[in-house]
Amino acid sequence: MAKTRRRKKRTHVEDVPDPSKKPDPRTFVFRRGKHANLMADLEMDIRKMMMPNTALNLRESKRNMLRDFVSVAGPLGVTHFIMLTATESSNYMRVAKSPRGPTLALRIKGYSLARDVQSAQARPRAPPNAFQTPPLVVLNGFGGSAGAPQPEHLKLATVLLQAMFPPLNVNKVKLSACHRVVLLTHDKNTGMISLRHYSISVAPSGIRKSLKALLQHKALPKMGEFQDVSEFVMKSGYGSESEGEDAEASRVTLAQDLGHGNAAGRTSRVRLHEIGPRMELEMVKIEEGLCEGRVLYHSHIAKTPEEAAALQKHHESKNAIRAQRRQQQEANVKRKRLEAARKEAEKAAEAMRKSGKLPQNQKKQWWEEELEAAEQASSGGSEGEEEEGGGGETAGGKGTRKRARPARDDEDDDQQYFREEVGHDPEETDMIGRDGSNRGRGRRGGRGFSRGRSS
């Protein structure tokens, strides 16, 4: 019996993005510099920490420049760069907003890879499904001290670090999507920033250990050695001594049902398991642009108001020159585009003349109008200078120009005749001037073109 083709009964509804909702931020994590190979393992750990809104398998080479990453960041929706560099004395991490900055430069005082952190734990926990959703971010100690406002550099660093992660809506968040958390702690005494990466686990509280294992695992335990189910339930107590430590601080009442015995309205215990990496960072400086521009903050260099004003003036003049060059480049690109359109139109018109089909519409094309406007704007001053120079001639010179006007008309008629007969505009070598100068190979006094030229 022939097999019948199975018909698809369930259709998959595609997720249509909400145009009113702002897209989640995305990051590029890559290495730069001469000793960048030393940071390969840390680079991969940071990429895993920033999943899923990052390029996990991004490949960079030494030939890639920073502008290469900027050029592809726009079409891919990448909003932030995390750049790792290594020198002979220290390691650095830069967090930048694409494409115009600012850039936060951090010195890496020390770090531990994810494999080192997990090898030091008795029972490490890093489930693969935890990396399918973005992590939560918690900033601690970035505010001002008691009675003092928050410093400007800390305020800018707070905004930049928070913007790398998706915003959290407390009213609409799903607890089942909260698997990881990134903790950034700022020490006000030393100025160091500690980065930690944890996974979140939730276990029901207030029930026996055997029932908790039965609720959290799908596989049924072996109960062949028991005479009754009550023996299995009553064989163990409410947990070990280690589970009772800090129980009050870790117990919360859930607002949503998470499964595995964690029902809404019941008390559960939240645990954090460190995944890694672990880093100790020092804020060095903040630049206004993308790895360039005015220095907004520097931890080791302090400038006087006069030096700051001179530096600001230098950056303003540099930006003005850059804007002028960009405007000139745009004008050159537009002019070349119009020249290319003009040449294509001339080729098409010449082909129509050769085939006996002249263009029906004789009015100027759009590229002709824009090209004339561009030429007038560029040569407006030179024409004024020529008119002023011509005003100093004698009356005889003016009379010469007046008598030369009919000769100019005859020359225009010759050019028109040349176009109709040959099919393209005449060159200067094909024409004979009315002043007796032989500019071509034709006969003197003739039509001004060589009779021997083929059309």
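Up top you'll find the structure we're talking about.
Residues numbered from 1 in each chain as written. Predicted model: local features only at pLDDT ≥ 70, side-chain atom pairs only at ≥ 80, totals over all residues. Heavy atoms only, no water.

A.B. asks: Quick rundown of the overall build of the protein? Include the residues and the values.
C.D. replies: The helix and strand tally for the protein stands at 10 helices and 11 strands. Within the protein, the proportion of its 455 residues that are buried is 28%. Excluding contacts between residues fewer than 6 apart, the proportion of contacts in the protein whose partners are at least 24 apart in sequence is 62%. (Helix = DSSP H or I, 4+ residues; strand = E, 2+ residues; numbered from the N terminus. Buried < 20%, exposed > 50% of the residue type's maximum accessible area, 1.4 Å probe, protein only. Contact = heavy atoms within 4.5 Å.)

A.B. asks: Tell me about the nonpolar core, and please be specific about residues and values.
C.D. replies: Ranked by size, the top nonpolar core spans 30 residues in total, and within it Leu-42, Ile-46, Met-93, Leu-104, Ile-108, Met-279 and Met-283 carry the most contacts. Of all the secondary-structure elements, those providing two or more residues to this core are α1 (40-49), β2 (80-86), β3 (91-97), β4 (103-112), α4 (152-162), β6 (180-186), β7 (192-204) and β10 (278-287). (Core = buried A, V, L, I, M, F, W, Y, C linked by side-chain atoms within 4.5 Å.)

A.B. asks: Explain the side chain of Arg-31 residue by residue, including any values.
C.D. replies: Note on placement: Arg-31 falls in strand β1 (residues 27-32). Look at Arg-31 and you get buried, because its relative accessible area is 19%. A polar side-chain atom of Arg-31 sits 3.4 Å from the main-chain carbonyl oxygen of Ala-36. Here the side chain of Arg-31 touches Asn-37 through a polar contact of 3.4 Å, side chain to side chain. The contacts of Arg-31, once residues within four sequence positions are left out, are Ala-36, Asn-37, Met-39, Ala-40, Glu-43, Glu-60 and Leu-84. (Polar contact = N/O pair within 3.5 Å; in protein donor to acceptor, adjacent residues only side chain to side chain.)

A.B. asks: Describe the side chain of Ser-201, with residues and values.
C.D. replies: Residue placement: Ser-201 occurs in strand β7. Among the polar contacts listed, one links the side chain of Ser-201 to the side chain of His-273, at a separation of 2.9 Å.

A.B. asks: Explain the environment of Thr-103 residue by residue, including any values.
C.D. replies: Structurally, Thr-103 can be placed in strand β4. A relative accessible area of 1% places Thr-103 in the buried class. In this structure, the C-alpha to C-alpha distance between Thr-103 and Lys-285, residues 182 residues apart in sequence, is 8.4 Å. Setting aside its immediate chain neighbours within four residues, Thr-103 contacts Arg-94, Val-95, Ala-96, Lys-285, Ile-286, Glu-287, Gly-289, Leu-290 and Cys-291. Of the polar contacts made by the side chain of Thr-103, one reaches the backbone oxygen of Gly-289; its length is 2.8 Å.

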